[in-house]
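So the chains spell out like this:
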Amino acid sequence: MSELLKNHIKLHFVVFIYGFTAILGKLITLPAAEMVWYRMLIAFVALGLFLKYRKRSIAYPPRAIWQMLGVGLVVAFHWITFFHAVKISNVSVTLGCLASTTLFTSILEPIIVKRRIIWVEVIIGLIIILGLYLIFQFEFRYKWGIITALTSAFLAGLFTVLNKTFINKYNPVAISFYEMGSGFAGISIFLLLSGRFSSGFVAPMPMDWLWLMVLGIVCTAYAYVVSIDVMKVLSAYSVVLTINMEPVYGIVMAYFIFKDSEYMSAGFYIGTTVILSAVILYPFILRMLNKRVQVV
């Protein structure tokens, strides 16, 4: 099995895990900020124990560490907006809009990584905008959920591209350790300054602890490390493109778990189909163009 195929298989397994994340966000009764606070704390501890067990060094240049800490704050804000979108709309709307991460990545990666713009990626991004327009038009009652989910999608594209700049230099577990720690610290400061620690901090319900452990260890510590590790072989755009299959898994699982609360209009499903079709067709279009260039 080629290295490329191995990494694609690992990534698709992670995407399936990610598909369950939004469902956990709805099952856990905590507000979004508190949920992400616990999520990043559990992931930070789990990654720290793993690094200690494997005796891996995390001694990197100060500039690199500060950059990782900065990305950790972006990740924290991405997850807060993601779970808040789930709370104020539903799983289907949030995951449908999250597919726009592809568009944001097609714009951000050439700017940050300093590579040429691939116009096929931009065209795919415009098709995704069409799909989002169909979703927005028919599901306007969820407008704030859609806007929040799109903000989350932009942040997802941003931290994915930024992580691409680290992966060839540093251990993916160490990168994740620093980022989880930074996000946890950032949310802690926010909760402290807003007074939520002293008043209004919501404690998890008994079942919440089970879901938080799954969210923190399986859906975060494990999945996040693998999603970074595969970028040794795959581009940031390829990773984001594959992760856009998350709505397929998530929406199907959410429909069977939450039933009627996930039932949407026909326009939503048409828009989501347009988005996912663009995502699936991209590799085939790119392959056809590459063959044409080789022939010429």
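Residues numbered from 1 in each chain as written. Predicted model: local features only at pLDDT ≥ 70, side-chain atom pairs only at ≥ 80, totals over all residues. Heavy atoms only, no water.

Trainee: With reference to specific residues and values, describe the packing of helix H4 (residues 91-98) against helix H11 (residues 246-258).
Mentor: At a minimum axis separation of 9 Å, H4 and H11 run at an interaxial angle of 175°. Taken together, the axes of H4 and H11 lie roughly antiparallel to each other. For the pair formed by H4 and H11, the contact residues are Val 91, Ser 92, Leu 95, Gly 96 and Leu 98 on the first element and Glu 246, Pro 247, Gly 250, Ile 251, Ala 254 and Phe 258 on the second. Looking at side-chain class alone, the contact of H4 with H11 contains seven nonpolar, three polar and one charged residues. (Axes fitted to C-alpha atoms, helices over the stretch in contact; angles between N-to-C directions. Helix = DSSP H or I, 4+ residues; strand = E, 2+ residues; numbered from the N terminus. Parallel < 35°, antiparallel > 145°, perpendicular 65-115°, else oblique. Contact = heavy atoms within 4.5 Å. Nonpolar A, V, L, I, M, F, W, Y, C, P; charged D, E, K, R; others polar.)

Trainee: Break down unusual backbone geometry for me, with residues and values.
Mentor: Located in the positive-phi region is Lys 55, a residue other than glycine, with phi close to 55°. Structurally, Lys 55 is set in the loop between helix H2 (32-54) and helix H3 (62-88).

Trainee: Outline the packing of aromatic side chains, listing residues and values.
Mentor: Under the criterion given, the structure shown has 12 aromatic pairs. Where Trp 37 meets Phe 184, the ring centres are 5.3 Å apart and the plane angle is 40°; that geometry is what we call tilted. Remark: Phe 184 occurs in helix H8 (residues 172-193) and Trp 37 occurs in helix H2; sequence separation between them is 147 residues. Taking relative accessible area as the criterion, Trp 37 reaches 13% and is therefore assigned buried. Here the aromatic rings of Tyr 60 and Tyr 178 are separated by 6.5 Å at their centres, their planes lie at 50°, and the arrangement is tilted. One end of the pair, Tyr 60, is in the loop between H2 and H3; the other, Tyr 178, is in helix H8, with 118 residues separating them in the sequence. Among the aromatic residues, those joined into a cluster by ring pairs are Phe 44, Tyr 60, Tyr 170, Phe 177 and Tyr 178. Looking at Arg 39, its charged tip hangs above the ring of Trp 79, at a distance of 3.7 Å from the centre. (Phe/Tyr/Trp six-rings, centres within 6.5 Å; stacked < 30°, edge-to-face > 60°. Buried < 20%, exposed > 50% of the residue type's maximum accessible area, 1.4 Å probe, protein only. Lys NZ or Arg CZ within 6 Å of the ring centre and 35° of its normal.)

Trainee: A description of the environment of Leu 47 should follow, citing residues and the corresponding values.
Mentor: Positionally, Leu 47 belongs in helix H2. The exposure class of Leu 47 is buried, given its relative accessible area of 5%. Measuring from C-alpha to C-alpha, the distance between Leu 47 and Ile 280 comes to 33 Å, with 233 residues separating the pair along the chain. Every residue in contact with Leu 47, bar those within four places of it in the chain, is listed here: Val 173, Ser 176, Phe 177, Met 180, Ala 221 and Val 225.

Trainee: Let's hear about the packing of H2 against helix H9 (residues 206-229): which residues, and what values?
Mentor: At a minimum axis distance of 8 Å, the contact between H2 and H9 shows a crossing angle of 60°. Compared by their axis directions, H2 and H9 come out oblique. Regarding H2 and H9, the two cross each other, and that crossing is right-handed. From H2, Met 35, Tyr 38, Arg 39, Ile 42, Ala 43, Ala 46 and Leu 47 reach across to H9, where they touch Trp 209, Leu 212, Met 213, Leu 215, Gly 216, Ile 217, Cys 219, Thr 220, Ala 221 and Val 225. Here the residues of the contact of H2 with H9 sort into 14 nonpolar, two polar and one charged. (Left-handed = near helix turned anticlockwise from the far one by under 90°.)

Trainee: For H9, give the residues involved together with the corresponding values.
Mentor: Given 3.6 residues per helical turn, the α-helix brings residues three or four places apart onto the same face. With 24 residues, H9 extends 34 Å between its outermost C-alpha atoms, agreeing within 8% with the 34 Å of an ideal straight helix rising 1.5 Å per residue. Along its length, H9 shows its largest kink, about 30°, at Ala 223. (Expected span 1.5 Å × (residues − 1). Bend = angle between axes of the 7 residues up to and from the residue.)

Trainee: Report on the pattern of salt bridges, specifying residues and quantitative values.
Mentor: Per the counting criterion, the structure on display carries two salt bridges. The closest approach of N and O atoms between Lys 10 and Asp 229, which form a salt bridge, is 3.5 Å. Placement of Lys 10 in helix H1 (residues 3-27) and of Asp 229 in helix H9 is noted, with a sequence separation of 219 residues between them. Within the structure, one salt-bridge network assembled from shared partners comprises Lys 10, Asp 229 and Lys 232. (Salt bridge = Lys/Arg side-chain N within 4 Å of Asp/Glu carboxyl O.)

Trainee: Explain a nonpolar patch on the surface to me, using residue names and the numbers behind them.
Mentor: A surface patch of nonpolar side chains, about 360 Å² in accessible area, is lined by Ile 280, Leu 281, Phe 284 and Ile 285. On the basis of relative accessible area, Ile 280 is assigned to the partly exposed category, the value being 42%. (Patch = residues over 30% accessible without salt bridge, like charges linked within 9 Å, V, L, I, M, F, W, Y side chains within 5 Å. Areas by Shrake-Rupley, 256 points an atom, 1.4 Å probe, with all protein chains shown as cover.)

Trainee: A description of the environment of Thr 148 should follow, citing residues and the corresponding values.
Mentor: Within the fold, Thr 148 resides in helix H7 (residues 143-164). Using a relative accessible area of 14% as the deciding quantity, one classes Thr 148 as buried. Remark: the alpha-carbon pair of Thr 148 and Met 245, spanning 97 residues in sequence, is separated by 20 Å. Excluding anything up to four places from it in sequence, Thr 148 contacts Thr 81, His 84, Ala 85 and Ile 88.

Trainee: I'd love a proper account of the environment of Ile 135, names of residues and values included.
Mentor: Turning to its location among the elements, Ile 135 is positioned in helix H6 (residues 119-138). You can call Ile 135 buried: its relative accessible area is 1%. A sequence separation of 77 residues divides Ile 135 from Leu 212, and the C-alpha atoms of the two residues are 30 Å apart. Not counting chain neighbours up to four residues away, the residues in contact with Ile 135 comprise Gly 96, Ile 146, Gly 267, Phe 268, Gly 271, Thr 272 and Ile 275.

Trainee: Go over H11 with me, naming the residues and quoting the values.
Mentor: Between its terminal C-alpha atoms H11 stretches 17 Å, which fits the 18 Å expected from 13 residues at 1.5 Å a residue. Residues Glu 246, Pro 247, Gly 250, Ile 251, Met 253, Ala 254 and Phe 258 constitute the buried set of H11.

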